[in-house]
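This is what each chain is made of:
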Amino acid sequence: MVLSLKKFARSLVGSLVCNIVLSYVIFFVARLIFFWANSSYFIDYMSWKLLGEMLQGALVFDTSGVIYCNLLYMVMVLLPLHWKENVTYYRVTKWTWVALNSVALVANLADTVYFKFTGRRTTATVFSEFGNEDNLLSIVFKELAMHWWLLLVFIFMVWGMSKLYRVPQAGCRSKGLLRYYATQVVSLLVVVPLCIFGIRGGIGAAVRPITISNANQYVNRPVEAAVVLNTPFSIIRTIGKQAFEVPQYMPDADMERLFTPVHVPADTVTFNSKNVVVIIIESFGKEYIGSLNRDVPGYEGFTPFTDELVGRSLTFSHSYSNGRKSIDGMPSVLSGIPMFVEPFFLTPASLNDVSGIAGELDKKGYETAFFHGAPNGSMGFQAFARATGFKQYYGKNEYDREVGTGDFDGTWAIWDEPFMQYYCSVMNRMQEPFMTAIFTASSHHPFVIPEQYRDTFPEGEVPIHKCIRYTDHALRRFFESASRTSWFDNTLFVITADHTNQSDIARYQTDLGLFEVPVIFYTPGDSTLVGLRDDVVAQQIDIMPTVLGYLGYDNPYVAFGCDLLATSPAETFAVNYNGIYQYVKGDYLLQFDGDKPVAAYKYKEDVLLKNNILPIAPVDTISLMENELKAIIQQYMQRMTGNRLVP
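Only a predicted model underlies this, so the values are computations on that prediction, with no experimental measurement involved.

## Comments concerning the overall build of the protein chain
Inference 1: Scanning the protein chain for helices and strands turns up 20 helices and 14 strands.
Inference 2: A compact globule built from 647 residues would reach a C-alpha radius of gyration of about 26 Å, and the protein chain, at 27 Å, matches this within 12%.
Inference 3: When its C-alpha atoms are laid out on the principal axes, the protein chain stretches across 90 × 60 × 50 Å.
Inference 4: Looking at the protein chain as a whole, 58% of its 647 residues qualify as buried.

## A short note on empty space enclosed by the protein
Inference 1: Within the structure shown, the criterion is met by nine cavities of 30 Å³ or more.
Inference 2: Residue lining of the largest cavity: 15 residues in total, with Arg 120, Ala 225, Leu 229, Asn 578 and Gly 579 positioned closest to the centre.
Inference 3: Split by residue class, the lining of the largest cavity holds five nonpolar, eight polar and two charged.
Inference 4: Put simply, the second largest cavity is a space of about 70 Å³.
Inference 5: Taken together, 13 residues make up the lining of the second largest cavity; nearest its centre are Leu 12, Val 77, Tyr 90, Thr 93 and Pro 168.
Inference 6: Within the residue set of the lining of the second largest cavity, elements represented by two or more residues are helix H2 (12-37), helix H3 (48-78) and helix H4 (87-118).
Inference 7: Here the lining of the second largest cavity is built from residues that sort into nine nonpolar, two polar and two charged.

## Structural notes on helix H19 (residues 543-551)
Inference 1: Counted residue by residue, H19 has eight buried out of nine residues, so it is predominantly covered.
Inference 2: All of the buried residues along H19 are Ile 543, Met 544, Pro 545, Thr 546, Val 547, Leu 548, Tyr 550 and Leu 551.
Inference 3: Just downstream of H19, Gly 552 is the residue with a positive phi angle, here 75°.

## Details of the nonpolar core
Inference 1: Counting residues in each nonpolar core, the largest one holds 85 residues, and the members touching the most others are Ile 279, Phe 478 and Phe 479.
Inference 2: In this structure, Phe 479 is in contact with Ile 279, Phe 305, Leu 309, Phe 488, Phe 493, Ile 495 and Tyr 522, ignoring residues within four places of it in sequence.

## Let's talk about a nonpolar patch on the surface
Inference 1: The grouping of Val 186, Val 190, Val 192, Leu 194, Ile 196, Phe 197 and Ile 203 at the surface amounts to a nonpolar patch, some 630 Å² of accessible area in total.
Inference 2: With respect to the secondary-structure elements, Phe 197 resides in helix H8 (residues 177-200).

## Some points on the packing of aromatic side chains
Aromatic ring pairs: the centre-centre distance and the angle between the two ring planes describe each pair.
Inference 1: Tallied over the full model, the rule gives 47 aromatic pairs.
Inference 2: On the numbers, 6.3 Å between centres and 85° between planes, the contact of Trp 415 with Tyr 470 is edge-to-face. One end of the pair, Trp 415, is in the loop between helix H16 (396-402) and helix H17 (416-429); the other, Tyr 470, is in helix H18 (residues 464-482), and 55 residues separate them in sequence. Each of the two residues, Trp 415 as well as Tyr 470, counts as buried.
Inference 3: Seen from the ring of Phe 34, Arg 121 lies directly overhead, with NZ or CZ sitting 4.2 Å from the centre.

## Here's the deal with the environment of Thr 268
Inference 1: The topology assignment puts Thr 268 in the loop between strand S1 (262-263) and strand S2 (275-281).
Inference 2: Separated by 285 residues in sequence, Thr 268 and Tyr 553 place their C-alpha atoms 11 Å apart.

## Quick word on helix H7 (residues 148-164)
Inference 1: With 17 residues, H7 extends 24 Å between its outermost C-alpha atoms, agreeing within 8% with the 24 Å of an ideal straight helix rising 1.5 Å per residue.
Inference 2: Among the residues of H7, those classed as buried are Leu 150, Met 157, Val 158, Gly 160, Met 161 and Ser 162.
Inference 3: Against H2 and H4 lie the buried residues of H7.

## What about the sheet that holds strand S14 (residues 597-601)?
Inference 1: Sheet architecture is open: four strands sit in the order S11-S12-S13-S14, paired in antiparallel fashion. The sheet is open, and its two borders are formed by strand S11 (573-577) and S14, each paired with just one other strand. Put simply, the sheet's adjacent strands are angled 15° from each other on average, direction ignored.
Inference 2: Sheet topology note: the strand S12 (residues 581-585)/strand S13 (residues 588-592) ladder contains five bridges and is antiparallel. Note on S13: the bridge partner recorded for Val 584 is Leu 589.

## Describing the packing of H3 against H8
Inference 1: Between H3 and H8, the least distance of the axes is 9 Å, while the angle of their chain directions is 155°. By the angle class used here, H3 and H8 are roughly antiparallel. Crossing geometry of H3 relative to H8 is assigned as left-handed. Here H3 contributes Val 60, Thr 63, Ser 64, Ile 67, Tyr 68, Leu 71, Met 74, Val 77 and Leu 78 to the contact with H8, which in turn contributes Gln 184, Ser 187, Leu 188, Val 191, Leu 194, Cys 195, Gly 198 and Ile 199.
Inference 2: Residues that form the contact of H3 with H8 fall into these classes: twelve nonpolar, five polar and no charged.

## Regarding the side chain of Thr 303
Inference 1: Mapping Thr 303 onto the fold places it in the loop between S2 and helix H12 (304-310).
Inference 2: Take Thr 303: its relative accessible area is 0%, and that puts it in the buried class.
Inference 3: Those residues in contact with Thr 303 that sit more than four places away from it in its chain are Phe 284, Tyr 288, Ile 289, Gly 290, Ile 468 and Asp 472.

## As for the pattern of salt bridges
Inference 1: If you walk through the whole model with that rule in mind, you get 22 salt bridges.
Inference 2: Put simply, Glu 628 and Lys 585 hold a salt bridge, and the shortest N to O gap is 3.0 Å. Remark: Lys 585 occurs in strand S12 and Glu 628 occurs in helix H20 (residues 619-641); sequence separation between them is 43 residues. By the burial criterion, Glu 628 is buried, and Lys 585 matches it.

## A word on the environment of Ile 613
Inference 1: One can find Ile 613 in the loop between S14 and H20.
Inference 2: Remark: the alpha-carbon pair of Ile 613 and Tyr 601, spanning twelve residues in sequence, is separated by 5.8 Å.
Inference 3: Beyond its immediate chain neighbours, meaning those up to four positions away, Ile 613 contacts Tyr 588, Ala 600, Tyr 601 and Lys 602.

## As for unusual backbone geometry
Inference 1: Omega for the bond connecting Glu 432 with Pro 433 falls within 30 degrees of zero, at -5°, which places this linkage in the cis form.
Inference 2: For Pro 433, the location among the structural elements is in the loop between H17 and strand S6 (434-439).
Inference 3: Cis geometry is adopted by the peptide bond preceding Pro 446, which originates at His 445 and carries an omega value of 15°.
Inference 4: Along the polypeptide, Pro 446 turns up in the loop between S6 and H18.
Inference 5: A positive phi angle, close to 70°, is found at Val 341, a residue other than glycine.
Inference 6: Tracing the chain through its elements places Val 341 in the loop between helix H13 (326-335) and helix H14 (357-362).
Inference 7: Unlike most non-glycine residues, Leu 609 shows phi in positive territory, near 50°.
Inference 8: Tracing the chain through its elements places Leu 609 in the loop between S14 and H20.
Inference 9: Owing to a relative accessible area of 4%, Leu 609 belongs among the buried residues under this scheme.

## Notes on the environment of Gln 591
Inference 1: For Gln 591, the position within the fold is in strand S13.
Inference 2: Along the chain, Gln 591 and Tyr 581 lie ten residues apart, while their C-alpha atoms are 5.7 Å from each other.
Inference 3: Looking at Gln 591, its side chain comes within polar contact range of the side chain of Gln 582, at 2.8 Å.

About the cut-offs
Residues numbered from 1 in each chain as written. Predicted model: local features only at pLDDT ≥ 70, side-chain atom pairs only at ≥ 80, totals over all residues. Heavy atoms only, no water. Helix = DSSP H or I, 4+ residues; strand = E, 2+ residues; numbered from the N terminus. Rg over C-alpha atoms; globule rule 2.2 N^0.38 Å. Buried < 20%, exposed > 50% of the residue type's maximum accessible area, 1.4 Å probe, protein only. 1 Å grid on protein atoms, 1.4 Å probe; cavity = no way out; pocket = protein on both sides within 12 Å on 5 of 7 lines; lining within 4 Å. Points joined across faces, edges and corners; volume = space filled by probe spheres on them. Nonpolar A, V, L, I, M, F, W, Y, C, P; charged D, E, K, R; others polar. Core = buried A, V, L, I, M, F, W, Y, C linked by side-chain atoms within 4.5 Å. Contact = heavy atoms within 4.5 Å. Patch = residues over 30% accessible without salt bridge, like charges linked within 9 Å, V, L, I, M, F, W, Y side chains within 5 Å. Areas by Shrake-Rupley, 256 points an atom, 1.4 Å probe, with all protein chains shown as cover. Salt bridge = Lys/Arg side-chain N within 4 Å of Asp/Glu carboxyl O. Phe/Tyr/Trp six-rings, centres within 6.5 Å; stacked < 30°, edge-to-face > 60°. Lys NZ or Arg CZ within 6 Å of the ring centre and 35° of its normal. Expected span 1.5 Å × (residues − 1). Pairing = 2+ DSSP bridges. Axes fitted to C-alpha atoms, helices over the stretch in contact; angles between N-to-C directions. Parallel < 35°, antiparallel > 145°, perpendicular 65-115°, else oblique. Left-handed = near helix turned anticlockwise from the far one by under 90°. Polar contact = N/O pair within 3.5 Å; in protein donor to acceptor, adjacent residues only side chain to side chain.

Such coordinate-based values are descriptive only and should not be taken to indicate function.
Printed below as a string of structure tokens:
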């Protein structure tokens, strides 16, 4: 029996089987490393039953991923041409297999790190997301230095691949060409349909090819889908895919009745030409702000100045981002556009007619400018700023010309403190009324701060805490400078984050907690914009309608959020997408997979989302929430595909 197995392993087909099994092992080991490195997101919710279901799902997706990654290798082995059966060809075949599986391993190990920032597996949009960056090589080297152990794992596993690879016995066609060709053709006839079934995720005409959304059937929480999936599959299955498919949940009349993003101001509004300053702080999750976490015993946070500002501002206990990346945050904050399925920036819809706070206020004679301390063009921000109505752009190029080249952080952008001082100085030159926005950068991986502050700000529990402390200091310095200007008292300030980041508190590692960011409105001397609201659900896409409503803007516009100052608290909501749709309204969080509700939580009291109450939740409430969410999705997809993002 042992001799027979050894003989089979040395045959063409046998060596192919052995090497494909080895590919499965590589995927499985990478998944174990991924799970271990990110265990804080999963372990508190895990059970043996759930783990078994997840591993069952992982086998389905790994089968597809392994086949995708090894298609070229399998063709090379099974191609029925007798002249290829020689030592040289076997050597080329071996290193082709090693190369293909090494690329797959790199992708899986990279997501071990990247998952903490996105909450899901990487898709094909990553190539567009970083397509404008010219510092990728330096970022990669810094990542390797910070995660050297992953590099060692990679080297060891590639070495193991080269040693464990099974090479077929030379001269395997020695028993005759007829037998050789018969064996090869039969093998092809068997392997080809098996590959098709494996890629599709099942057998039968009724089985649709699996997509990344199918991973949700094996998990209880959307974030757990990252354990079931593998990165090569996620990337390959999203290449060239249409991001926006219009569902037909309901007739358009019902959709419009339940939800419309078109805001039509009343005829009686009076416009107030205050300046507007929107500050989008990189990775400034609500978790880091002590004044917004009073329910955490002994927790002071890392933002002493922001805590002071919150005391004289309007903010919210329940406030959320609409995406998980920087390129999600900018459209949400400045144009009222959430992220559904894929970032708006990276889809053909980015060429749509689109407006925003700047575009609308430009109609009122405002001077507008956008500020981002990275090299011009980075992240596509410059293009989006121009498309949404910002007439001026100030990036690293402008800063270097006016101030000098000594304040670059070496990776991403100008340090926050000097760039925010520059921001203030440029606004001093602008004609009032003006609308500006700044996107900061220092509280970003690789989490370093200027040398002069290395010993000033204490280390936290995770690396980003020190950066948050520095950025909070930069914000304090900005407001100190702004408060001495002539325009300060006539300005509405809005402060929020693009997304969340590293987490040390369990609440912020849940499916909902991953989206918790501050939404702060402040204007000097206005008592109507003071207080911490617990009865309102706020989100990034509410910022545009709230700002325009506060100013008494009198033209119709499109934004998917609501005016938080004019909407009944019971009607405020938040919506986001991270492999599954989430809809927050009132006391409930509803999770929806695109076809049906899959979970519901009383998120205010069940902050760790441990009790799925969907089977026992009030039917009328859940049904209404489901229909409202469907109307939002249908409106979004129709307007994206039909170029209807302006009235």
